[in-house]
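An overview of the molecular structure
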Amino acid sequence: MDATTEAVIYHKLQLWEPGMESEEEEEEIAEPLVLSLRRSQNIPRNKVGGLPGAWARLLASLLLLAVSSSLALRQLHNRDSPKGNLGSAAPPASRHSHNPGVYHHGAIISPAATCSQLGQELLVDGGNVVDAGVGAALCLAVVHPHATGLGAMFWGLFYNSSSGNATALTAGPARTLAPGLGLPTALPALYLLHTHFGHLPWPHLLAKPAMLAQNGFEVDAPLANALAAQGTKGLCPLFCHTNGTLLGLGAQATNPSLASVLHRAALASSPDLAGDALLSLLVRDLGLEEAPTQPVPSLEPALQLSMPQGVLFTTPGPSAGPELLELLESALHSRTPSPTSCLSLLQTAMTSVDSALATVDSSGSMLLLTSSINSSFGSGHLSPSTGVLLSNLVARSEPSAWACPLILRGSLDDTEADMLGLLASGTLSGAKAMTCTLLNHLAAPQIPQAQQRSTERPGVCGQGNLLQVVVHAEHAHVSSVPSGCCPFQGY
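What counts, and where the lines are drawn
Residues numbered from 1 in each chain as written. Predicted model: local features only at pLDDT ≥ 70, side-chain atom pairs only at ≥ 80, totals over all residues. Heavy atoms only, no water. UniProt positions renumbered as here; feature names shortened; annotations may be inferred. Helix = DSSP H or I, 4+ residues; strand = E, 2+ residues; numbered from the N terminus. Buried < 20%, exposed > 50% of the residue type's maximum accessible area, 1.4 Å probe, protein only. Contact = heavy atoms within 4.5 Å. Areas by Shrake-Rupley, 256 points an atom, 1.4 Å probe, with all protein chains shown as cover. Salt bridge = Lys/Arg side-chain N within 4 Å of Asp/Glu carboxyl O. Disulfide = S-S within 2.5 Å. Pairing = 2+ DSSP bridges. Axes fitted to C-alpha atoms, helices over the stretch in contact; angles between N-to-C directions. Phe/Tyr/Trp six-rings, centres within 6.5 Å; stacked < 30°, edge-to-face > 60°. Arc of directions from axis to C-beta. Parallel < 35°, antiparallel > 145°, perpendicular 65-115°, else oblique. Nonpolar A, V, L, I, M, F, W, Y, C, P; charged D, E, K, R; others polar.

Under an unreviewed UniProt entry, the name given to the chain is Glutathione hydrolase 6, and the organism recorded is Mesocricetus auratus. According to its UniProt record, the chain has this under Sequence similarities (unreviewed entry): "Belongs to the gamma-glutamyltransferase family." According to the UniProt record, the Pathway (unreviewed entry) comment for the chain reads "Sulfur metabolism; glutathione metabolism."

See below:
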């Protein structure tokens, strides 16, 4: 062995490595760990500092025992420290902090603070971006029934930084359950996505949404506004006081029937069984002679568009993904200047009511999810045994207006290239707004800055929003347009 002193670079475990349990934030720069292997030439081999060899060995053994005991106690403390339920998870301590919306490991942005918090807790519990996104989507199905739910249709786009592949979650064409009522696809679609890419157990993702439905959740601003606009028609079993008046902002709402459906879905072992947890009850409620054919959501390779700045990914038809790529390709070829602000495009031509969320980690993996029941509170038909508001997305509906997630992967030759994810919400001009935003980004790359602290009460995040997630310099960034409209969480 070389007796000279050498510097050994110590690299901590990367995020999501199996068996990783770290109490401290990873350093920005690797620190040299210096191991001194030079033996003093003036001390006899059987002595250290003048002590006899036996005493030296004894002291060394005691020192090793003390260090080993300390490490064992620390590991035991870590193992036995109760994480509690989903609501008790806390982000690990950090040696330094960043502006709001910038996180070391992972982040989520969604229309509801409760669901963004749940997504963060799933990340801290060891989940990945798919776990966080699916859990938050199930949460939104409980707390935002005006925009999404188990009766909704889901589309998604997932980029896996480990494989470099982008996968689209497609719901297929809208289908009819009964006249004017859309066939639900939420549970089989989310189960399918989680089965292929999730990490945490499926029941773990449904635990808190079921608890919220059973024990109660707070009516937030988006739901309160939708209730005020809708009135009491068909909603009183869930969202009225005992005197028949609508629940207002801050009131507590419950949905025990929906909690029961979520508990049944937690036991599912396949997408079909997950869907049947709801569909079989709907068939009974509606008095149908037989159950319609189960919806068949699918996972397929995302559409791609190569360009000098990298590769664009989006969802295939019948979503608006193909339309989005055509707009981008045309704009890039014509070099059409883009307006400085894209906000006006988001606030025009309101169409389908939908719900959008995005999750991202610092390695570059991201999931964009969007769902719709077409109109506010969908068809307005409440299934009594399930607590689900059915959508009015049927065969004649046009889901392409709201489903067009977009991911830009920087140069494939650069392993540290930035990643950008965009997801528009609820406007016919969503694809145009995303095209505008992307062109501005390509013309002058900049990292979006969130201007709303996650602990503050944000403005209403509903229709006419654009969610943005970015991976830059091994950090996850989340923001929205308009700035600060949607709650975000991360760690």
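Right, picking up where we left off after that structure.
1. Considering the overall build of the chain
When you go through the chain residue by residue, the secondary structure sums to twelve helices and 22 strands. Within the chain, the proportion of its 491 residues that are buried is 50%. Long-range pairs, those at least 24 residues apart, make up 74% of the contacts in the chain with a sequence separation of at least 6. Only carbon and sulfur atoms are counted for the fraction: they give 55% of the accessible area of the chain, which is about 23000 Å².

2. Re the pattern of salt bridges
Per the stated rule, a full pass over the model turns up one salt bridge. The salt bridge involving E121 is made with K208; its shortest N-O contact spans 3.6 Å. Of this pair, E121 sits in helix α2 (residues 113–124) while K208 sits in helix α5 (residues 202–215), and the two are 87 residues apart along the sequence. Exposure class is identical for E121 and K208. Each is buried.

3. Overview of the state of the cysteines
The tally for this structure, following the rule as stated, stands at two disulfides. The disulfide partner of C115 is C139, and the S-S distance across this bridge is 2.1 Å. Classification of the bridge connecting C115 and C139 rests on its S-S torsion, roughly -80 degrees, and on that basis the disulfide is left-handed. Here the residue C115 occupies a position in helix α2, and C139 occupies one in helix α3 (residues 129–143), the gap between them amounting to 24 residues. Take C115: its relative accessible area is 0%, and that puts it in the buried class. Taking the relative accessible area as the measure of exposure, C139 reaches 0% and is therefore buried.

4. Re the environment of S483
When you line up the elements, S483 lands in the loop between β21 (475–481) and β22 (488–490). For S483 and L466, which are 17 residues apart along the polypeptide, the C-alpha to C-alpha distance reads 9.2 Å.

5. Brief notes about the sheet that holds strand β11 (residues 298–301)
Taken in spatial order, the seven strands make up an open sheet running β11-β6-β5-β15-β14-β4-β22, and their pairing is antiparallel. A strand with exactly one partner marks an edge of an open sheet, and here the two such strands are β11 and β22. Between one strand axis and the next, the sheet turns by 15 degrees as a mean value, whatever way the strands run. Examined bridge by bridge, strand β5 (residues 153–160) and strand β6 (residues 165–170) share five bridges and lie antiparallel to one another.

6. Structural notes on the packing of aromatic side chains
Counted by the stated rule, this structure contains three aromatic pairs. Between Y159 and F313, the ring centres sit 5.8 Å apart and the planes meet at 40 degrees, which makes this aromatic pair tilted. Here Y159, found in strand β5, pairs with F313, found in strand β13 (residues 310–314); they are 154 residues apart in sequence, far enough to count as distant. Note on Y159: relative accessible area 4%, which makes it buried. Of the residues examined, F313 reaches a relative accessible area of 4% and is grouped as buried. Aromatic side chains Y191 and W202 sit 4.9 Å apart centroid to centroid with 75 degrees between the ring planes, which places their arrangement in the edge-to-face category. Remark: W202 occurs in helix α5 and Y191 occurs in helix α4 (residues 186–197); sequence separation between them is eleven residues. Accessibility classification places Y191 together with W202 in one group, the buried group.

7. Some words on helix α8 (residues 256–266)
Among the residues making up α8, those that are buried are L258, A259, V261, L262, A265 and A266. One side of α8 holds all its buried residues, which, seen down the axis, span an arc of 160 degrees. Next to the buried residues of α8 lie α3, α4, α5, α9 (271–286) and β17 (388–389).

8. Topic: the pairing of β13
Buried residues dominate β13, accounting for five of its five residues. Where strand β12 (residues 303–307) lies against β13, five bridges are found, and the strand directions are antiparallel. Across the sheet, residue Q304 finds its bridge partner in β13, namely F313. Taking the residues that link successive antiparallel strands as the turn, the β12-β13 hairpin has two residues. Relative to strand β18 (residues 406–409), β13 is paired through four bridges, and the arrangement is antiparallel. If you follow T314 over to β18, its bridge partner there is L406.

9. Let's talk about the packing of α5 against α8
Taken N-terminus to C-terminus, the directions of α5 and α8 make an angle of 170 degrees; their axes are 8 Å apart at the nearest point. Considering the angle they form, α5 stands roughly antiparallel to α8. Here W202, P203, L206, P209, A210, A213 and Q214 of α5 come into contact with α8, specifically with P256, L258, A259, L262, H263, A265 and A266. Looking at side-chain class alone, the contact of α5 with α8 contains twelve nonpolar, two polar and no charged residues.

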